[in-house]
Structure formats: structure tokens, C-alpha cells
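# Per-entry structural report
Below, each chain spelled out in residue letters.
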Amino acid sequence: MFEDGEKLVKEFGVLFKKIHSEISKVIVGHDDSIEYVLAALFAGGHVLLEGVPGLGKTLLVKTLGDVLGLHFKRIQFTPDLMPADIIGTHLVIEDEHGHKKFQFQPGPVFANIILADEINRATPKTQSAFLEAMAEYQVTVGGDTFKLPPPFFVMATQNPIEMEGTYPLPEAQMDRFLFKLKLKYSSFEGEKEIIRRTTGGVIPKAAPVFTEGSSAKIIERMNKLVREVMLAKEVEDYIIRVAMGTRPAQLQKSGENKLVVPACIEKYVTFGASTRGIQALVLGSKVLALVDGRAHVSFDDVQRVLLPSLRHRLILNFEAEVENKDVDDVIEELRREIKK
């Protein structure tokens with residue numbers, strides 16, 4: 001499907017927008033979230049989505065699977081969910097001759113697109129097993145290793161209310177998500193459109209974009225193309241300055257670059273973005289550059305992915321809580337402070 005050169009870049013943008021358009025037939029009022037979900041998919045990362053119940057998180061991921069023609073699974077995380085319920089287990093079976101043997105029974109994680117619904121309701125043991133699959137793209141059961149089917153994309157959700165009895169993800173595990181998105185309520189007009197589409201006689205459906213069996217190979221090629229997008233030294237330096245600018249001065253390596261940390265970071269942040277944060281900024285920016293038909297990253301591309309790339313990587317201190325400072329507010333101040 002793809003050829004070399006400018007045509008390759010152009011076809012990426014056309015395909016991305018076609019997928020976005022099909023999903024938008026079903027999902028109303030969340031165009032930015034759809035764009036970032038697709039950006040994470042084509043960058044080879046995963047998404048953590050935060051939003052109250054009933055805003056279409058499950059529908060978004062299911063529709064993505066339908067449009068791409070990929071296998072979709074939803075896993076409802078609960079306190080009694082065990083690792084084997086997710087990754088699978090060995091079962092004892094008896095063959096036709098009466099001989100017994102172990103046979104691996106794959107769990108729901110063996111799919112292309114996974115919705116990990118309310119991941120913070122499962123115990124740390126279960127979260128760890130699932131997040132290991134996300135990081136390694138494989139699971140190990142009873143000493144045997146099983147590869148997960150490519151592409152493998154996870155969208156995990158967290159409910160910002162009803163936090164009693166939950167197990168918040170540790171910072172090291174949050175860091176494994178490329179983006180964190182916040183799904184908000186729709187506007188007045190958006191709610192009207194949702195009612196019209198979902199309570200009428202005809203419920204809109206998204207059409208598959210790829211021919212049957214071709215989606216995995218095409219997505220793999222798109223993943224490779226993203227990594228070939230050029231990153232100018234000036235833009236690369238800006239990304240690093242932004243990421244390092246999220247780290248309070250006492251955490252910086254002494255005598256190196258003499259980076260001036262913005263006042264908002266010194267005042268409100270305990271720990272800043274890791275190197276994974278830099279990687280998220282680069283990969284997210286590269287996808288957006290391709291969507292705009294460019295084979296090079298611009299400063300605007302970087303600024304568009306600042307919030308989803310960094311908001312789950314900054315740990316705010318008590319003073320931020322006292323002054324009711326949200327992490328998005330701090331990142332916006334950082335954006336103004338760090339010059340291009």
C-alpha cells in the first residue's frame with residue numbers, strides 16, 4: 001500500500017484522517033481524544049484515560065477495533081481479579097488415550113486492542129502482571145513465554161470519583177503509558193448530537209478502513225514510518241529543555257547545562273518527567289507531523305503533545321494541593337516559561 005518518499009507521508013495523513021473520521025461517526029465531541037488515541041497507537045504506546053462513567057470510553061476503544069478490523073477485548077478490573085484471569089493459565093486436559101497433560105489457556109490479554117476498565121480497582125499484583133504484558137509484549141506462565149499478537153494496544157481507564165477501596169497506579173507504572181488523556185463532559189450541542197445519534201431509529205456505525213487481514217501489517221509499517229520522521233537539533237533541544245525543566249533543581253545533575261528551572265516547577269513539583277517523558281514527546285510529535293503531511297517535527301507539534309505526555313509524569317507537592325493547583329496548570333506555566 002505504501003511507497004517511498006513524499007507519497008508515503010501523504011498516505012499516512014490521509015489514512016489517519018480517514019480512521020479519525022470513521023470513529024467520529026460514533027464518538028461525538030471528543031475529536032482531540034480520538035486524535036491522541038490514534039497518535040499513541042501509531043507511536044507504539046498505550047493510553048491512560050481518566051473520566052467519569054458514561055462518557056464513551058468503552059465505545060471509543062470498541063469502535064477503534066471495528067474500524068481497524070482488529071480483535072478487541074474489554075477487561076473489567078475488580079479487587080478479586082487475579083493475574084491468571086488476565087494473562088491465562090495452564091489447564092490439565094485429557095487426550096483421547098486417557099493421558100493427562102498441561103495445556104495453556106490464553107487469557108483476554110491475547111487480543112490486539114484491550115480496554116482495561118477501571119484499572120485502579122485491581123490489586124497491585126494483578127496490575128503488575130498486566131503492565132508487564134504492556135511493557136514486554138509477552139506473558140510468562142509456568143516458565144513458558146507467550147508472545148502477544150501484534151499490534152498490541154492498551155487503553156486503561158481510571159474513574160476520578162469513588163476512590164475508596166481502589167489501588168492507585170504507582171508512578172513507575174503510570175510512566176509506562178505514552179499519554180494520559182482526560183475525557184470531559186460534552187458541550188450542550190454535543191449532548192444534543194449524542195441523543196440524536198443514539199436514541200433514534202438508526203444508530204450510526206463506523207466502517208472498516210482496511211481490507212480483512214491487512215491491518216496488522218499496515219499499522220506495523222506506520223509504526224516504522226513514525227520513527228523515520230526527522231527531528232531537527234533545535235526542536236530536539238527544546239524537547240529536552242522542556243522535560244528537564246519539569247525537574248526541580250535539586251534533582252538536576254550538577255554542573256550540566258546549568259538549566260534554569262521555572263519558578264512554578266520549584267514551587268509545586270516534587271518529581272518531574274523521566275526519560276520516557278522525552279520519548280513520549282518525540283514520538284507523539286512525529287505522528288502529528290505526519291498527520292499534517294510533514295516528514296519533520298515542528299515546535300507546534302511538540303506543544304500539542306505536552307499535556308498528554310507529561311500530566312501523569314509530574315508529581316505535585318503539598319503546596320500545590322493547598323493552592324488548588326492542577327498538574328495541567330503547572331504544565332501550561334512551564335510552556336510559557338520555556339522558550340522555543
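Here's a quick rundown of the structure. As the structure is a computational prediction, the values presented were derived from the model and not from experiment.

## Description of the packing of helix H2 (residues 31-43) against helix H3 (residues 57-68)
Two numbers describe how H2 lies on H3: the axes approach to 12 Å, and their chain directions differ by 55 degrees. Regarding the angle of H2 to H3, the classification is oblique. Relative to H3, the crossing made by H2 is right-handed. Counted together, Ile34, Val37, Leu38 and Leu41 of H2 and Leu60, Leu64 and Leu68 of H3 form the full contact between these two elements. Taken together, the residues of the contact of H2 with H3 break down into seven nonpolar, no polar and no charged.

## Regarding helix H15 (residues 327-337)
Along an α-helix, residues three or four positions apart point the same way, because every turn accommodates 3.6 residues. For H15, the complete set of buried residues consists of Val327, Asp328, Val330, Ile331, Leu334 and Arg335. Each buried residue of H15 sits inside an arc of 155 degrees when the element is viewed along its axis, so together they form one side. Between the side-chain oxygen at the start of H15 and the backbone nitrogen of aspartate 328 there is a gap of 2.8 Å, and the oxygen is on aspartate 326.

## Looking at the pairing of strand E7 (residues 144-147)
Remark: a regular strand shows side chains that alternate across the two faces of the sheet. Sheet topology places strand E6 (residues 138-141) next to E7; four bridges connect them, and they run antiparallel. Across the sheet, residue threonine 140 finds its bridge partner in E7, namely threonine 145.

## Section: the packing of aromatic side chains
Taken as a whole and assessed by the stated rule, the structure comprises nine aromatic pairs. Ring geometry for phenylalanine 12 and phenylalanine 16: centres 6.3 Å apart, planes at 20 degrees, overall stacked. A residue pair is termed a helical-turn pair when its members lie 3 or 4 positions apart in one helix, as phenylalanine 12 and phenylalanine 16 do in helix H1 (residues 6-24) at four residues. Taken as a pair, phenylalanine 12 and phenylalanine 16 share a single burial class, namely buried. An angle of 65 degrees between the planes, with centres 5.8 Å apart, marks the rings of phenylalanine 104 and phenylalanine 110 as edge-to-face. Accessibility expressed as a relative area gives 15% for phenylalanine 104, which makes it buried. Judged by its relative accessible area of 18%, phenylalanine 110 is buried. One aromatic cluster is present, built from ring pairs that chain together Phe12, Phe16 and Phe42.

Conventions adopted
- Residues numbered from 1 in each chain as written.
- Predicted model: local features only at pLDDT ≥ 70, side-chain atom pairs only at ≥ 80, totals over all residues.
- Heavy atoms only, no water.
- Axes fitted to C-alpha atoms, helices over the stretch in contact; angles between N-to-C directions.
- Helix = DSSP H or I, 4+ residues; strand = E, 2+ residues; numbered from the N terminus.
- Parallel < 35°, antiparallel > 145°, perpendicular 65-115°, else oblique.
- Left-handed = near helix turned anticlockwise from the far one by under 90°.
- Contact = heavy atoms within 4.5 Å.
- Nonpolar A, V, L, I, M, F, W, Y, C, P; charged D, E, K, R; others polar.
- Buried < 20%, exposed > 50% of the residue type's maximum accessible area, 1.4 Å probe, protein only.
- Arc of directions from axis to C-beta.
- Polar contact = N/O pair within 3.5 Å; in protein donor to acceptor, adjacent residues only side chain to side chain.
- Pairing = 2+ DSSP bridges.
- Phe/Tyr/Trp six-rings, centres within 6.5 Å; stacked < 30°, edge-to-face > 60°.

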